[in-house]
Amino acid sequence: MTKLFATSVALALITGVASAQELNVATANLSAYIDPGADHSNVGSQFYVNAMEPLLFKDPTSEENIFQPGLATSWEITSPTEMVLTIRAGVKFHNGEDMTMEDVVWSLENMITPGYPARIERSKEFFGNIKGLEIIDDVTLKIMAEKPEPLFELIMAAQQGMILPKDYTMGLSGDPMATEESDFIAFRQAPVGTGPYKYSEFTPETRIIWERFDDYWGEKAPYQTVNVRRIPELAARITALVNNEVDLITNVPPDQLDVINSTPGFKTAGGVTPLFHLMYFGGGEKGSIITPELRKAMVLSVDRDLLNEALWGGQAVVPSTHTYPQYGAYYTPDIETFEYNLDEAKKIVAENDLEGTTLPFYTDPVYYTNGLLAAQAMQEMWREIGINIELKVVTSWNDPGTPGGWGSPDQIHNWSNPMYFADPHGSFGKMWAPSGAGMTRGLWDPSIGMDEWTKLYDAFRFETDIAARNAAYEVLMAEVKKDAPFLVLYQPYESWGMRADLDWSPFPGHIPYVLDFRAGYIGDEKNGISK
Amino acid sequence: MANFEMNKSDAAPRQKATQQYFKSVQDSSWLIKFCFILLGLLIAVALLAPLLAPHDPNAQSLLSRLRPPIGFDRYKEGFLVGTDELGRDLLSRLLYGLRFTLLIAVIGSIISMIIGSVIGIISGFVGGIVDNLLMGLVDIQIAFPFTLMALLAVAVFGTDLTIFVIIIGLADWDKYARVVRGQIIAIREAPYIDAVRVTGAGPYRIIRHHMLPNIASPIIVLWTFGVSNVILLESSLSFLGLGVQPPTATLGSMTGFGRDYLASYPHIGLAPALMILVIALVFLLLGDWLRDTLDVRLKRQT
């Protein structure tokens, strides 16, 4: 009798646990749309990996570039300009369709030569050197590059190369047999992929619900349901966590770590994020009041170490140039592009009669962790050299055409340069290559001219010798130092707050902010999930 | 000559009235006296903020952020109420914040009062279709959530101090319009107004010299309530980030920025919040007292 009782209790416990396999997450920001090929934001990066997959996976647990089979089971680089991949069989999309060679080719083609304008920037940044595809047989695909491509695997493992369903997307609007712009627009609100979770609900900027996808080709998702909702207010997010409304929260600044860690049953996990917070100055246009001298003085007068010490408790990383340790052989910490020199800054201001210059500075209140604090701190630093900054706190600060939107001249702006893959081309190049986002948006007009800049950039981009490539990068950085189009502030120390029995932390091998809840990447004692 | 006589006879009761008010302050409860002292103090402190503040309200000392007030651990010498999230002196910011908040509140509520009174007077005096139209406007204003209107205005015109004050000024006019219209209608047909009309006085003269003085007290009472309303409105808009832009200190924006630190460094948000509470309460209590004092009907009963 006792035994029976014990068994039934145990059974009830087990089933109770099993039925409650649910994770609740509160994020500071949430995507307005889901399209891995158009998206490159720090907000969007959080929401792809669980539900969509590229041809190759990059080992998220390692900083180094270790590639694993994804939707391709094997791959080979057959020549400097050619890569051959074998496509995985038995993969299903969330809508039940099989993934075929047709879907793979269609997905990649829509990145190489996108008909959808929102993807053009991403196409240039990631697939600019990819010339075309050749179907060898049902499962074998050849990818061809124009110039020798040292980054084939990184490109095929990027979020922008995730495979989407062709028939489903084409059928979303208009002619079901044609790829139209409206298909992609419709797809944004009803996304479908191949990952272990499917999007069961997506309310832009408000909520995402992932459900376990039972026909997943690999190891099934640990949770039945993952609810993600947006709580932009930091105080409200922390309250939701400690009241057990959610299990995990994002974007906890260093000031608040003690609050969570000192609450029994809760902890934080975090780390230095492979992403730079930075400032850019003006729309780069000629005739703007933001002259190169002004930019230079502004760069020289920001004490980044003080910002780190005060706002990040010294835990952020202040780099000397645009480089990350993850680059391995291409890590160039010896180059000194950004320095703090108040006397020099004051001298430039005096020589060029810049004192009293007034500039607006647009920033979102919550988008960047500690963003508004850093903005106010820098405002004081610039006041020191006689430059007046008018802070404008707006939530529409990224929308083109609004005050403070992209490319508006005569204003300064905060931004970030994430590391999209572990190569200078994956971060600096992603934004400041001739085809990079910063250049496309006209944030920098190189003083040597765009043609010369393209020449210098390509000399770096396609160089294969390590020393020569680093030397070419140094030349690029010298241009950055000369023109001062932007100032790299630091790599933030980002933290996540969570239940103490949750075993999750951000992965060094992912791009920043990815919320990876796939099997093996999260442990949860309460729900009986081991990592 | 007759005019002179009238003015003279006017002066005596007016002086008497002032004496009466003064007397009623003396007769009033200790609470009201206390409120008067507090109000005087607040205004004095607001006016003298640049002299009283120990530090520049915007000067940061980043390495001594988040210091608690005097008497707590980690207190920093010279920063009596502690420092905020950027190492600025909280006391100085409170003083400047009070100054800014009071300024915005007084200007904003005066704008409200003027707009509302003018509309109310026209509406009550002219009547008919004009009255209907203007009161329709009032109904729209009352029905429309004000925060939404403020959001819209900020989205269209951006965040600018002048615009912010104008928005604040547009918040409360409907209340003045309603009350003033009612008062005007009540005295429009009064015998003394008829008498003035018979002497050939034009509408401006009637309103300016004979109606306004008679409806002044409800307007003044309403205004004192209005000021405390506007202080709260300024605070809530600044709290939402729609108001005065950083680093300028207003009590509302200080409370807003302090909310992230409520669990760890509560003094940053609580100090300005308490200040808001005190000012709003002082204005409300004084307004209440003023209503009792000015209301003739209440006086007759005693």
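Keep in mind that this is a model prediction, so the values were computed, not measured.

(A) Broad picture of the overall build of chain A. Secondary structure summary: chain A contains 16 helices and 20 strands in total. Over its C-alpha trace chain A gives a radius of gyration of 24 Å, about what one expects of a compact globule, namely 24 Å for 531 residues. For chain A, the spread of C-alpha atoms along the principal axes amounts to about 90 × 60 × 45 Å. For chain A, the proportion of its 531 residues judged to be buried stands at 48%. Considering only intrachain contacts with a sequence separation of at least 6, the fraction spanning at least 24 residues in chain A is 69%.

(B) Up close: the interface of chain B and chain A. With 17 residues of chain B at the interface, the matching set in chain A holds 20 residues. Across the side of chain B that touches chain A, the residue classes break down as seven nonpolar, six polar and four charged.

(C) A look at the domain arrangement of chain A. Residues and elements named next belong to chain A. Here chain A is described as being made up of domain 1 (2–29 + 203–270 + 494–524), domain 2 (52–184) and domain 3 (275–490). Taking only C-alpha atoms, the centre of domain 2 and the centre of domain 3 are 32 Å apart. Facing the 13 residues of domain 2 at the interface are 15 residues of domain 3. Among the elements that make up the side of domain 2 that touches domain 3, the one with the highest residue count is helix H3 (residues 120–127) (three residues). Each residue belonging to the side of domain 2 that touches domain 3 can be placed in one class, and the counts come to five nonpolar, two polar and six charged.

(D) Fine view of the pairing of strand S14 (residues 358–363) of chain A. Residues and elements named next belong to chain A. As paired elements, S14 and strand S15 (residues 388–393) share six bridges and run parallel to each other. Paired with Tyr-362 across the bridge in S15 is Lys-392. Following the backbone out of S14, through helix H12 (residues 371–384) and into the adjacent parallel S15, one traces a crossover that is right-handed. Of the pairings in the sheet, the one linking S14 to strand S16 (residues 412–418) comprises two bridges and is parallel in character. In the sheet register, Tyr-362 faces S16, and the bridge partner there is His-413.

(E) Main features of the sheet that holds S15(A). Residue and element names in this part refer to chain A. Read across the open sheet, the five strands follow the order S15-S14-S16-S13-S17; overall the sheet is mixed. The open sheet terminates on both sides in strands that have one partner only, identified here as S15 and strand S17 (486–490). Between one strand axis and the next, the sheet turns through 35° on average, direction left out of account. One ladder, built from seven bridges, connects strand S13 (residues 275–281) with S16; its direction is antiparallel. In the strand pairing of S16, Leu-278 is matched with Trp-415.

(F) The packing of helix H9 (residues 292–300) of chain A against helix H11 (residues 342–351) of chain A, seen in detail. Residue and element names in this part refer to chain A. At a closest axis distance of 8 Å, the pairing of H9 and H11 adopts a crossing angle of 155°. If you check the angle between H9 and H11, you find them roughly antiparallel. Regarding H9 and H11, the two cross each other, and that crossing is left-handed. On the side of H9, the interface is formed by Glu-293, Lys-296, Ala-297 and Leu-300, while H11 contributes Glu-344, Ala-345, Ile-348 and Val-349. Tallied by class, residues from the contact of H9 with H11 come to five nonpolar, no polar and three charged.

(G) Region of interest: the pairing of S13(A). Residues and elements named next belong to chain A. In terms of residue burial, S13 counts as a mostly covered element, since six of its seven residues are buried. Two elements, S13 and S17, share four bridges in a ladder whose sense is antiparallel. Within S17, the residue paired with Tyr-280 across the bridge is Phe-486.

(H) Main features of the environment of Thr273(A). Residue and element names in this part refer to chain A. For Thr-273, the position within the fold is in the loop between strand S12 (266–272) and S13. Take Thr-273: there are 25 C-beta atoms within 10 Å of it, and that puts it in the buried class. It is 8.5 Å that separates the C-alpha atoms of Thr-273 and Ala-316, two residues lying 43 residues apart in sequence.

(I) Looking closely at the packing of helix H4 (residues 90–126) of chain B against helix H7 (residues 161–169) of chain B. All names here are of chain B. Packing of H4 against H7 brings their axes to within 7 Å, and their N-to-C directions diverge by 50°. Relative to H7, H4 is oriented oblique. When you trace H4 past H7, the crossing you get is right-handed. Residue-level inspection shows Ile-104, Ile-107, Gly-108, Ile-111 and Ser-112 of H4 in contact with H7, the latter providing Val-165, Ile-168 and Gly-169. Within the contact of H4 with H7, the residues separate by chemical class into five nonpolar, three polar and no charged.

(J) Representation of the environment of Met177(A). Residue and element names in this part refer to chain A. Relative to the assigned elements, Met-177 resides in the loop between helix H5 (166–170) and helix H6 (181–189). With 8 C-beta atoms counted inside 10 Å, the residue Met-177 sits in the exposed group. Placed ten residues apart in sequence, Met-177 and Asp-167 show a C-alpha to C-alpha distance of 7.8 Å.

(K) Geometry of the confidence of the model for chain B. Residues and elements named next belong to chain B. Taken over all residues, the pLDDT of chain B has a mean of 85, while the share at 70 or more is 90%. Per-element confidence in chain B ranges from a low mean pLDDT of 56 for helix H13 (residues 296–301) to a high of 93 for H4. Within the model, the stretch residues 1–9 combines pLDDT values under 50 with zero contacts to residues more than four positions away or in other chains.

(L) Local environment of the confidence of the model for chain A. Residues with a pLDDT of 70 or more make up 93% of chain A, whose mean pLDDT is 91. Below a pLDDT of 50 lies the segment residues 11–18 of chain A, which in the model reaches two contacts outside its immediate sequence neighbourhood of four places, other chains included.

(M) Representation of unusual backbone geometry. For the bond running from Pro246(B) to Pro247(B), omega is 5°, close enough to zero to count as cis. Locating Pro247(B) in the fold gives a position in the loop between helix H10 (203–239) and helix H11 (251–258). In the Ramachandran plot, Asp353(A) falls in the positive-phi region, its phi being about 55° despite a non-glycine side chain. You can see Asp353(A) is positioned in the loop between H11 and S14. Classification of Asp353(A) by C-beta neighbours within 10 Å gives exposed; the count is 9. A positive phi angle is found at Tyr513(A), which is not glycine, with a value near 75°. With respect to the secondary-structure elements, Tyr513(A) resides in the loop between strand S19 (502–503) and strand S20 (523–524).

Rules used in this analysis
- Residues numbered from 1 in each chain as written.
- Chains lettered and ligands numbered in written order.
- Predicted model: local features only at pLDDT ≥ 70, side-chain atom pairs only at ≥ 80, totals over all residues.
- Helix = DSSP H or I, 4+ residues; strand = E, 2+ residues; numbered from the N terminus.
- Rg over C-alpha atoms; globule rule 2.2 N^0.38 Å.
- Buried ≥ 20, exposed ≤ 12 C-beta atoms within 10 Å, placed from the backbone.
- Contact = placed C-beta atoms within 7 Å.
- Nonpolar A, V, L, I, M, F, W, Y, C, P; charged D, E, K, R; others polar.
- Domains from an automatic or database assignment.
- Pairing = 2+ DSSP bridges.
- Right-handed = clockwise from strand over helix to strand, strands pointing away.
- Axes fitted to C-alpha atoms, helices over the stretch in contact; angles between N-to-C directions.
- Parallel < 35°, antiparallel > 145°, perpendicular 65-115°, else oblique.
- Left-handed = near helix turned anticlockwise from the far one by under 90°.
- pLDDT = per-residue confidence, 0-100.

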